[in-house]
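Here are the chains, one letter per residue:
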Amino acid sequence: ILLDIRMPGMDGFELCKRLKADQRTEEVPIIFVSVLQDMSARVQGFELGGVDYITKPIQREEVLARIKTHLTLRKMQTHLENLVSERTAELEKACETLKKSESKYRGLFDDALDMIHIVDPEGKIIDANIMELETLGYTREEYIGRSLRDIIHMENLQETMSVFMKVCQGQSVQNYETVLVAKDGTLIDVEVNAVPLIENSRIVSVRAILRNITDRKRVEEEKKLLEEHLHQAQKMEAIGTLAGGIAHDFNNILSVILGFTDLAQEDAFPGSPLAEQLDQVVQAGKRATNLVKQILTFSRQSKQERIPLKIDLVVKEAVKLLRSSIPTTIKIITKIDPKTGNVMADPTQIHQIVMNLCTNAYHAMRETGGEMAINLKAVQIDKDQDPFCGKEITPGRFIRLEVSDTGCGMD
């Protein structure tokens, strides 16, 4: 549109304003043609949307050349706008795809049963999934931005950070075990698999997947402890078998010693020093025989059979065996009622019970010394009496065995 400024009824500036306000003509290039040559008119024309300003008198060739130039520019502008529109659509489509991919990734990230976090090369946590936040007890606001050093147990810190630096240098780590510290101080054993994340040939972060193996470690420890107990039980069984064998052989030797001592006593004059000495040999031999019987009782693995048993005799026998093995810093006090009567029990089991209880008491006092008390007496269990260790006991007469000590005790 070639538009003069001075026109009757409406000047060119007002007409230009209206043309630009109309959707049908707003994109049409407008060239002002006027006799006015002052700068304010030119500026006003360009401000209203004109693309050029030609002063009269006009030259045909100049006008045609300017029109051709502005039409070419308009065509180029339209083409550029179309390219921008196409590129914008492509970007919007790519952005939508990226959003879907991000949503899918975030779903996998947060729904994972293992802990996952992403750490920058300085060791600052820049992202973590829901499982890690819940396991360690942090909110996302508290956790993101925290240093990796804050969640690693002090005893594992130096080694773990050394492994982290290797990943930052391009190495991957598999099945590395370390210990994390939750917000409340709980220790959590984890197995770590970590890889470096690379962009433009540069490591920008580290992604780590951490599996909580606290329960597995506890089971392994329990298994190891049970294996140690089994080995100890096997050794004790072997020692018992060995002690039984030695006791049998020693018992045979004692039979020979006592037999020949009896023969020697017949040749000795009554009341002579030799006769007294042989008496001492016999007494020592009998004590040794009793000791052998105690060892055999302790080591025998015969079938358990309950018989009418006077427990006080078994307890006294066990105490005799204990006196020879417990140091003198521990005093043994016995209160054994000989009128407790009989019970149906296996003598070997009762003997083992007494030995085990007394050994525990000894262990509590072996460093400080003290007193070990062994009590045995008859008691009456009434109908309305509280359950004993959670077990209901039929009312009646029972025997109570009690071993106490003055040692350190336990929780």
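To keep things clear, this report deals only with the structure shown in the data block. Note that the structure is a prediction, hence the values are computed from the model and not measured. (Residues numbered from 1 in each chain as written. Predicted model: local features only at pLDDT ≥ 70, side-chain atom pairs only at ≥ 80, totals over all residues. Heavy atoms only, no water.)

## Comments concerning the overall build of the protein
Scanning the protein from terminus to terminus reveals ten helices and 13 strands. Since a compact globule built from 411 residues should have a radius of gyration of about 22 Å, the 51 Å found for the protein marks it as more spread out than a globular shape. Going through the 411 residues of the protein one by one, you find that 31% of them count as buried. Long-range pairs, those at least 24 residues apart, make up 54% of the contacts in the protein between residues at least 6 apart in sequence. Element-wise, carbon and sulfur atoms account for 55% of the exposed surface of the protein, whose accessible area totals about 28000 Å². Taking the average location of the 52 positive side-chain charges in the protein and that of its 62 negative ones, the two points are 2 Å from each other. (Helix = DSSP H or I, 4+ residues; strand = E, 2+ residues; numbered from the N terminus. Rg over C-alpha atoms; globule rule 2.2 N^0.38 Å. Buried < 20%, exposed > 50% of the residue type's maximum accessible area, 1.4 Å probe, protein only. Contact = heavy atoms within 4.5 Å. Areas by Shrake-Rupley, 256 points an atom, 1.4 Å probe, with all protein chains shown as cover. Lys, Arg positive; Asp, Glu negative; His and termini not counted. Charge placed at Lys NZ, Arg CZ, Asp CG, Glu CD.)

## Let's talk about the sheet that holds strand β1 (residues 2-4)
The strand order across the open sheet built from three strands is β1-β2-β3, with neighbouring strands paired in parallel fashion. In the strand order of this sheet, the two ends are held by β1 and β3 (52-55), each with one partner. On average, each strand axis in the sheet is inclined to that of its neighbour by 30°, with strand direction left out of account. The pairing of strand β2 (residues 31-34) with β3 spans four bridges and is classified as parallel. Pairing of V33 across the sheet is with I54, part of β3. Contacts from helix α1 (residues 12-21) reach β1 and β2, with the element oriented near 140° to β1. Together, β2 and β3 form the strand contacts of helix α2 (residues 39-47), whose direction differs from that of β3 by roughly 145°. (Pairing = 2+ DSSP bridges. Axes fitted to C-alpha atoms, helices over the stretch in contact; angles between N-to-C directions.)

## Let's talk about a nonpolar patch on the surface
On the surface, a nonpolar cluster with roughly 530 Å² of combined accessible area is contributed by L242, I246, F250, I253, I257 and V281. Broken down by element, the residue count for the nonpolar patch peaks at five residues, all from helix α7 (residues 214-267). Take L242: it is sitting in helix α7. (Patch = residues over 30% accessible without salt bridge, like charges linked within 9 Å, V, L, I, M, F, W, Y side chains within 5 Å. Salt bridge = Lys/Arg side-chain N within 4 Å of Asp/Glu carboxyl O.)

## Looking at the side chain of R74
Considering the arrangement of structural elements, one finds R74 in helix α3 (residues 60-111). Look past the residues within four positions of R74 in its chain and what remains in contact with it is E27, P29 and E81.

## Looking at the nonpolar core
Formed by 28 residues in total, the largest nonpolar core has its most connected members in L136, Y143, I151 and L180. Mapped onto this core, the elements with two or more residues apiece are β4 (115-119), β5 (125-128), α4 (130-136), α6 (154-168), β6 (173-181), β7 (187-199) and β8 (202-212). Ranked by the residues each element gives to this core, the list is headed by α6, at six residues. If near-sequence neighbours (up to four positions away) are discounted, I151 is found in contact with I125, E132, L136, Y143, R146, V179, L180 and V181. (Core = buried A, V, L, I, M, F, W, Y, C linked by side-chain atoms within 4.5 Å.)

## Focus on the sheet that holds strand β13 (residues 396-405)
Hydrogen bonding along the main chain pairs the strands of a sheet, whether they run parallel or antiparallel. Across the sheet, three strands lie side by side as β10-β12-β13; this open sheet has mixed pairing. The outermost strands of the open sheet, each flanked by one partner alone, are β10 (330-336) and β13. Within this sheet the neighbouring strands show an average axis-to-axis angle of 15°, counted without direction. In terms of strand pairing, strand β12 (residues 370-381) meets β13 through ten bridges, oriented antiparallel. Bridged to Q380 within β13 is R397. Those strands touched by helix α9 (residues 311-323) are β10, β12 and β13, and its axis lies near 170° from that of β10.

## Concerning the side chain of T261
Within the secondary structure, T261 sits in helix α7. Overall, T261 belongs to the buried group, its relative accessible area being 7%.

In short, geometric facts, not functional conclusions.
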